[in-house]
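Tertiary structure, described
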Amino acid sequence: MGMAAEDIARMIKESFPDAEVRIEDLTGDGNHYAATVISEAFRGKSRVQQHQMVYDALKGNMDGVLHALALKTATP
Amino acid sequence: MSAQDVQDWIGKQVAGNDVVLFMKGTKAMPQCGFSMQVAQILQHLGVDFKDINVLEDMSVREGVKAYSNWPTIPQLYVKGEFIGGCDIVREMFQAGELQELLTAKGVAHNKQALTA
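Here goes a summary of the coordinates provided. Keep in mind the model is a prediction, meaning the values are calculated, not measured.

The next point concerns the overall build of chain A. In terms of regular secondary structure, chain A is built from two helices and three strands. Based on the C-alpha atoms only, the size of chain A along its principal axes is roughly 35 × 20 × 20 Å. Within the span of chain A, comprising 76 residues, buried residues form 24% of the whole. Partitioning the contacts of chain A with sequence separation of at least 6, the portion at a separation of at least 24 is 52%.

Here is the structure:
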């Protein structure tokens, strides 16, 4: 189970083409990642909205195949 | 309970308690590191909160995700408002924003508690 870091980055990039995406595999098991996403799209949005946008980009993989994604969002 | 009953039940918990944490396990015995972090932050701030163990009821576990359009547990609600999950609560706590929010919403907490 789990997802490859490249797959996570690709899915996020598909929804946020301008984004700077950094993925870190925290434990090396393909199951616990930290992601930083920096995109103009977040401007004016609350933290909850920003994270919801990223979760939407991951299309239902959160809490399923992807147990742990520590998420940080920001605007450039 | 039907899906609608579950949504109504969740709504009642969130409306009837100033601070509600949907978590895996209980505040006394968290079953997941992320749930534990949020419970610890609230306890550190001396906030009285209701803990709801989603592992006890699969319909609540799935229902609360639909309720807030948020895919993960834990979920923190203050005065009826969804505040966020572990990452957001930790970020807000470290920035002092969680303490400001509690003050703004009139939720009793220990104002002398140190930030991380």
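After presenting the structure, the write-up continues.
A word on the sheet that holds strand 2 (residues 32-38) of chain A. Residue and element names in this part refer to chain A. Strands sit in the order 1-2-3 across an open sheet of three strands; the sheet is mixed. Pairing within the sheet leaves two strands with one partner each, and these edge strands are strand 1 (20-25) and strand 3 (68-74). Pairwise comparison of adjacent strand axes, ignoring direction, gives a mean angle of 15 degrees for this sheet. Contacts between helix 1 (residues 5-15) and the sheet are confined to strand 1 and strand 2, with strand 1 contributing the most and set at about 155 degrees to the helix.

Our focus in this paragraph is the interface of chain B and chain A. Each side of the interface is counted separately: chain B has eight residues, and chain A has ten residues. Only strand 4 (81-84) and helix 4 (86-95) of chain B provide two or more residues apiece to the side of chain B that touches chain A. Classifying every residue of the side of chain B that touches chain A by side-chain character gives four nonpolar, three polar and one charged.

Turning next to the nonpolar core. Ranked by size, the top nonpolar core spans 31 residues in total, and within it Val 20, Leu 21, Phe 22, Val 38, Leu 42 and Val 89 of chain B carry the most contacts. Contributions of two or more residues to this core are made by helix 1 (3-16), strand 1 (19-23), helix 2 (33-44), helix 3 (58-68), strand 3 (75-78), helix 4 and helix 5 (97-104) of chain B. Here Val 38 of chain B is in contact with Leu 21, Met 23, Pro 74, Leu 76, Cys 86 and Val 89 of chain B, once residues within four sequence places are set aside. Counting residues in each nonpolar core, the second largest holds 13 residues, with Ala 19, Leu 58, Leu 66 and Leu 69 of chain A among its members.

Residue and element names in this part refer to chain B. The peptide bond linking Ile 73 to Pro 74 adopts the cis configuration, its omega dihedral lying at 10 degrees. With a phi angle near 50 degrees, Lys 79 is a residue other than glycine that sits in the positive phi range. With respect to the helices, strands and loops of the structure, Lys 79 is situated in the loop between strand 3 and strand 4.

Our next topic: the packing of helix 2 of chain B against helix 4 of chain B. All names here are of chain B. Relative to each other, helix 2 and helix 4 sit at 30 degrees, their axes nearing to 9 Å. It follows from the interaxial angle that helix 2 and helix 4 lie roughly parallel. Seen from above, helix 2 lies across helix 4 with left-handed handedness. When helix 2 is examined against helix 4, the residues Phe 34, Gln 37, Val 38 and Ile 41 are found in contact with a partner set consisting of Cys 86, Val 89, Arg 90 and Phe 93. Each residue belonging to the contact of helix 2 with helix 4 can be placed in one class, and the counts come to six nonpolar, one polar and one charged.

Conventions used here
Each chain has its residues counted from 1, running along the sequence as written. As they are written, the chains are lettered A onward and the ligands numbered 1 onward, keeping that order. pLDDT decides what is reported in this predicted model: residues at 70 or higher carry local features, side-chain atom pairs at 80 or more are listed and counted, and totals for whole chains, interfaces and linings draw on all residues regardless. Helix and strand definitions here come from DSSP, where helices need a minimum of 4 consecutive H or I residues and strands a minimum of 2 consecutive E residues; each element is numbered from the N-terminal end. With C-beta atoms placed from the backbone, a residue is buried if 20 or more other C-beta atoms are within 10 Å of its own, exposed if 12 or fewer are, and partly exposed between those counts. In this description, a residue-residue contact is defined by the distance between C-beta atoms placed from the backbone, which must lie within 7 Å. Strand pairing is defined by DSSP finding a minimum of two bridges between the two strands. In this analysis, axes come from line fits to C-alpha atoms, helices being fitted only over the stretch in contact, and the angle between any two N-to-C directions falls in the range 0 to 180 degrees. Throughout, the ten residues Ala, Val, Leu, Ile, Met, Phe, Trp, Tyr, Cys and Pro are labelled nonpolar, Asp, Glu, Lys and Arg are labelled charged, and all others, Gly among them, are labelled polar. Residues of type Ala, Val, Leu, Ile, Met, Phe, Trp, Tyr and Cys that are buried and joined through C-beta atoms within 7 Å form what is called a nonpolar core. Should an angle fall under 35 degrees it is called roughly parallel, over 145 degrees roughly antiparallel, and 65 to 115 degrees roughly perpendicular, with every other angle called oblique. Take the far helix as the reference: if the near one is turned anticlockwise from it by less than a right angle, the crossing is left-handed, and if turned clockwise, right-handed.

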